Amino acid sequence: MLSRSYHQLGFTLIELILVIVLLGIVSAVALPRFIGSSGFDERVLFDDTLNAVRYTQKVAIATGCNTRFSISANSYTVLRDDSCDSGNFSSGLTVNHPANGESSYTGKQANVSLTATQTNTTFDALGRADNNNTISVGFRRISIIAATGFSYDSTP
């Protein structure tokens with residue numbers, strides 16, 4: 001008489017689920033230590049800064065009042081002219097943030113360098129900038145063309 005022995009080939013469902021759970025725990029704990037977040041932080045601030053510059057120009061066109069994109073101490077602020085065409089930004093009338101309606105449109109990111117050739121760029125009612133400007137966020141660059149107010153990613 002022949003006796004057949006059937007052996008189980010493969011893994012049980014419980015073993016597979018256990019391996020997936022363990023891999024998930026290891027990846028959640030270990031991967032952030034291997035992959036730094038500085039590149040992500042830099043990209044976030046770069047995109048946010050470029051969008052803020054473009055929004056500053058749009059606010060100037062929509063309201064007919066001068067608006068200013070100002071950089072200081074690794075952060076930026078979008079300001080509105082105290083009264084249209086006065087060129088006075090002394091009281092620091094801030095522009096509301098378009099996404100959440102906060103009373104000031106500012107931005108910064110820890111451990112990311114934000115510098116510019118000109119600390120202030122003012123846009124007029126036609127969207128023109130008062131100067132050419134290059135804003136550096138880490139190794140990425142944003143250029144602003146004075147004649148048109150066009151801003152773009154000029155990273156080499």
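This one's a predicted model, so the numbers in the text were calculated from it and none came from an experiment.

Thresholds, definitions, all that
- Residues numbered from 1 in each chain as written.
- Predicted model: local features only at pLDDT ≥ 70, side-chain atom pairs only at ≥ 80, totals over all residues.
- Heavy atoms only, no water.
- Helix = DSSP H or I, 4+ residues; strand = E, 2+ residues; numbered from the N terminus.
- Buried < 20%, exposed > 50% of the residue type's maximum accessible area, 1.4 Å probe, protein only.
- Contact = heavy atoms within 4.5 Å.
- Salt bridge = Lys/Arg side-chain N within 4 Å of Asp/Glu carboxyl O.
- Pairing = 2+ DSSP bridges.
- Axes fitted to C-alpha atoms, helices over the stretch in contact; angles between N-to-C directions.
- Polar contact = N/O pair within 3.5 Å; in protein donor to acceptor, adjacent residues only side chain to side chain.

## What to know about the overall build of the chain
Secondary structure assignment for the chain yields 2 helices and 9 strands. Listed N to C, the secondary structure of the chain is α-α-β-β-β-β-β-β-β-β-β in terms of helices and strands. Evaluated residue by residue, the chain yields a buried proportion of 31% over its 156 residues. Relative to all contacts within the chain whose residues are 6 or more apart in sequence, the contacts with residues 24 or more apart total 45%.

## As for the pattern of salt bridges
On inspection of all chains with the given rule, the structure shows 3 salt bridges. Linking D124 and R128 is a salt bridge whose minimum nitrogen-to-oxygen distance equals 2.9 Å.

## Thoughts on the pairing of strand 4 (residues 105-108)
Residues Y105 and G107 line the buried face of strand 4, whereas the alternating positions T106 and K108 sit on a face that is not buried. Sheet topology places strand 2 (residues 75-80) next to strand 4; 4 bridges connect them, and they run antiparallel. In the sheet register, T77 faces strand 4, and the bridge partner there is T106.

## Re the sheet that holds strand 8 (residues 140-144)
Taken in spatial order, the 4 strands of this open sheet run 5-7-8-9, and their pairing is antiparallel. In this open sheet, the two edge strands, each paired with only one partner strand, are strand 5 (114-116) and strand 9 (151-153). Each strand of the sheet is rotated relative to its neighbour by a mean of 20°, with strand direction disregarded. In terms of strand pairing, strand 8 meets strand 9 through 3 bridges, oriented antiparallel. If you follow S143 over to strand 9, its bridge partner there is Y152. Each of strand 5, strand 7 (133-137), strand 8 and strand 9 is contacted by helix 2 (residues 38-63), which is oriented at about 5° to strand 8, the strand it contacts most.

## Considering the side chain of H97
With respect to the helices and strands, the residue H97 is situated in the loop between strand 3 (93-94) and strand 4. Look at H97 and you get buried, because its relative accessible area is 18%. Among the polar contacts made by the side chain of H97, one reaches the main-chain amide nitrogen of A99 at a distance of 3.1 Å. Among residues more than four places away in sequence, those in contact with H97 are E102, S104 and Y105.

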